[in-house]
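The primary structure of each chain is shown beneath.
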Amino acid sequence: ETALRRGGAASSHLPRRFFSVESSPERKVAVLGAAGGIGQPLALLMKLNPLVSSLALYDIAGTPGVAADVSHINTRAQVAGFMGEEQLGKALEGSDVVIIPAGVPRKPGMTRDDLFNINAGIVKSLCTAIAKYCPNALVNMISNPVNSTVPIAAEVFKKAGTYDEKKLFGVTTLDVVRAKTFYAGKAKVPVEEVDVPVVGGHAGITILPLFSQATPVSNALTDEDIKALTKRTQDGGTEVVEAKAGKGSATLSMAYAGAIFADACLKGLNGAPDIVECSFVQSSITELPFFASKVRLGKNGAEEVLGLGSLSDYEKQGLESLKPELKSSIEKGIKFVQEN
Ligand code: NAD
Ligand code: LMR
């Protein structure tokens, strides 16, 4: 009986061990805000990622339950829950990637900037702890308003003397996920083959999908179709906020997008070639200090920030119109840290 059981266990685990565990290095991922609407499904998806060897789940409440639950899944990552500020250091120590979905979500009628007053302080304190306990980690910022929370994180790290612009990312993957889905539906092309870069920022008109560069190319789309697709991508978050009618914003699609981006960071750290994702990073692509565009991920984080490529006239207009709003959101974040 023992031999049989051993045989059974070995055969159900061998392939994973053979292909993933022994060939990929130890990697610790921490999720801050892990008991929330995004945090819980994101914890699940990171537990399913064979590149993760250690998963730290931190929140101000509820993490023991989430961690116990997720820890029973028979995958590689060792899961631990951490609750309350006194356990934040332990959660962060040794992390390679820190994902931050901590903070309040929108309700109908609110803009992402309306979240600034609460979330700016949360992000500032979490980043202060990151600077202390895992200054070399790649930070994946999900908390809104991303256009301001990324500059906040940068300022906190600068003050602490730990800032490395290659290691700070605003997660805009959900905009890409939406643009791909909406384009595939309209162009009637297989969604799994679709690629669409989305640049700029992560709020309203600052979200600029570049459908002129979408692949597979579709000649069936009119200018009106492109305008409608652009608007739907820009308003994708609001579409979900309204449908949830007061119960929050995108959580499941965001967890999916967050898991894709964290996986790309881990692959880059592990030396996989040609890992490119759009992200809101420190940038010299435009005159703005932070901007989302394609980024090549590698062993040090953002190895290269890629240019915008050629834009249609409609996209050029969109680029010019988004700059004032994005600039002021960035400045608001910087000022918050400088004055507090
Ligand atoms: P939620 O309210 O369901 O969960 C947030 C979690 O953060 C809660 O569990 C809460 O306890 C926790 N939290 C609060 N303060 C904390 C602190 N100081 N330290 C650790 N955890 C703390 O909200 P949600 O739906 O998961 O959304 C979280 C954030 O993500 C919001 O700001 C939302 O706007 C943003 N968001 C961003 C994107 C994006 O594309 N970047 C997409 C969706 C949502
Ligand atoms: C999204 O794009 O879904 C998030 O930024 C959440 C929101 O407030 O729209």
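Residues numbered from 1 in each chain as written. Chains lettered and ligands numbered in written order. Predicted model: local features only at pLDDT ≥ 70, side-chain atom pairs only at ≥ 80, totals over all residues.

Test applied: UniProt positions are given in the numbering used here, feature names are shortened, and annotations may be inferred rather than shown by experiment.
You'll find the protein entered in an unreviewed UniProt entry as Malate dehydrogenase, with Elaeis guineensis var. tenera given as the organism. One UniProt comment on the protein, placed under Sequence similarities (unreviewed entry), says "Belongs to the LDH/MDH superfamily. MDH type 1 family." Recorded in UniProt under Subunit (unreviewed entry), the annotation for the protein is "Homodimer."

### A few points about the site of ligand 2
Convention followed: Only the C-beta atom matters for nearness: placed from the backbone, it must lie within 6 Å of the molecule or strand for the residue to count as near. Ten residues, namely Ala, Val, Leu, Ile, Met, Phe, Trp, Tyr, Cys and Pro, are considered nonpolar, four, namely Asp, Glu, Lys and Arg, are considered charged, and the remaining ones, Gly among them, are considered polar.
All residues adjacent to ligand 2 are Pro105, Arg106, Arg112, Asn144, Leu174, Gly236, Gly237, Val240, Val241, Ser249 and Ala250. Classifying every residue of the shell around ligand 2 gives 5 nonpolar, 4 polar and 2 charged.

### Points about helix 11 (residues 313-339)
Counted only if it meets this: Secondary structure elements follow DSSP: runs of H or I no shorter than four residues count as helices, runs of E no shorter than two count as strands, and numbering proceeds from the N terminus. Working rule for helices: expected span equals 1.5 Å times residues minus one. What we call the bend at a residue is the angle made by axes fitted to the seven residues finishing there and the seven residues starting there. By the criterion used throughout, residues are in contact when their C-beta atoms, derived from the backbone, lie within 7 Å.
Between its first and last C-alpha atoms helix 11 spans 40 Å; for 27 residues at 1.5 Å apiece the expected length is 39 Å, and the two agree. Where helix 11 bends most, the angle comes to about 35 degrees, and this point is lysine 323, followed within four residues by the proline proline 324. Its buried side turned inward, helix 11 meets helix 5 (116-133), helix 6 (146-160), strand 7 (198-200), strand 8 (207-209) and strand 10 (290-298).

### Quick notes on the site of ligand 1
Taken together, 32 residues are adjacent to ligand 1, and Gly33, Gly36, Gly37, Ala102 and Asn144 come closest. Tallying contributions element by element places helix 5 first for the shell around ligand 1, with 3 residues. For the shell around ligand 1, the class distribution of residues is 18 nonpolar, 12 polar and 2 charged.

### As for the confidence of the model for the protein
Applied cut-off: Confidence of the prediction at every residue is given by pLDDT, a number between 0 and 100.
Residues of the protein with pLDDT of at least 70 account for 94%, and the chain-wide mean is 94. A low-confidence stretch, residues 1-15 stays under pLDDT 50, and its non-local contacts, those more than four residues away or across chains, total 0 contacts. Both scores are given for the predicted complex: the pTM is 0.95, the ipTM 0.99.

### Remarks on the environment of alanine 137
Assignment of secondary structure puts alanine 137 in the loop between helix 5 and strand 5 (138-141). Through-space distance from the C-alpha of alanine 137 to that of alanine 292 is 20 Å; in sequence the pair is 155 residues apart.

### Focus on the nonpolar core
Definition in use: We call a set of buried Ala, Val, Leu, Ile, Met, Phe, Trp, Tyr and Cys residues a nonpolar core when their C-beta atoms link them within 7 Å. Any residue with 12 or fewer other C-beta atoms within 10 Å of its own C-beta is exposed, any with 20 or more is buried, and the rest are partly exposed; the C-beta atoms used are placed from the backbone.
Grouped together as the largest cluster of nonpolar side chains are 101 residues, with contacts concentrated most on Val31, Leu57, Val98 and Ala153. It is helix 10 (residues 252-269) that contributes the most residues to this core, 10 residues altogether. Once residues lying within four places of it in the same chain are set aside, the contact partners of valine 98 are Ala30, Leu32, Leu92, Ile130, Cys134, Ala137, Val139 and Asn140.

### Section: the UniProt feature "domain: Lactate/malate dehydrogenase C-terminal" (unreviewed entry) in the protein
As annotated in UniProt, the feature "domain: Lactate/malate dehydrogenase C-terminal" (unreviewed entry) corresponds to residues 172-336 in the numbering used here. With 47% helix and 17% strand, the stretch residues 172-336 has end C-alpha atoms that lie 22 Å from each other.

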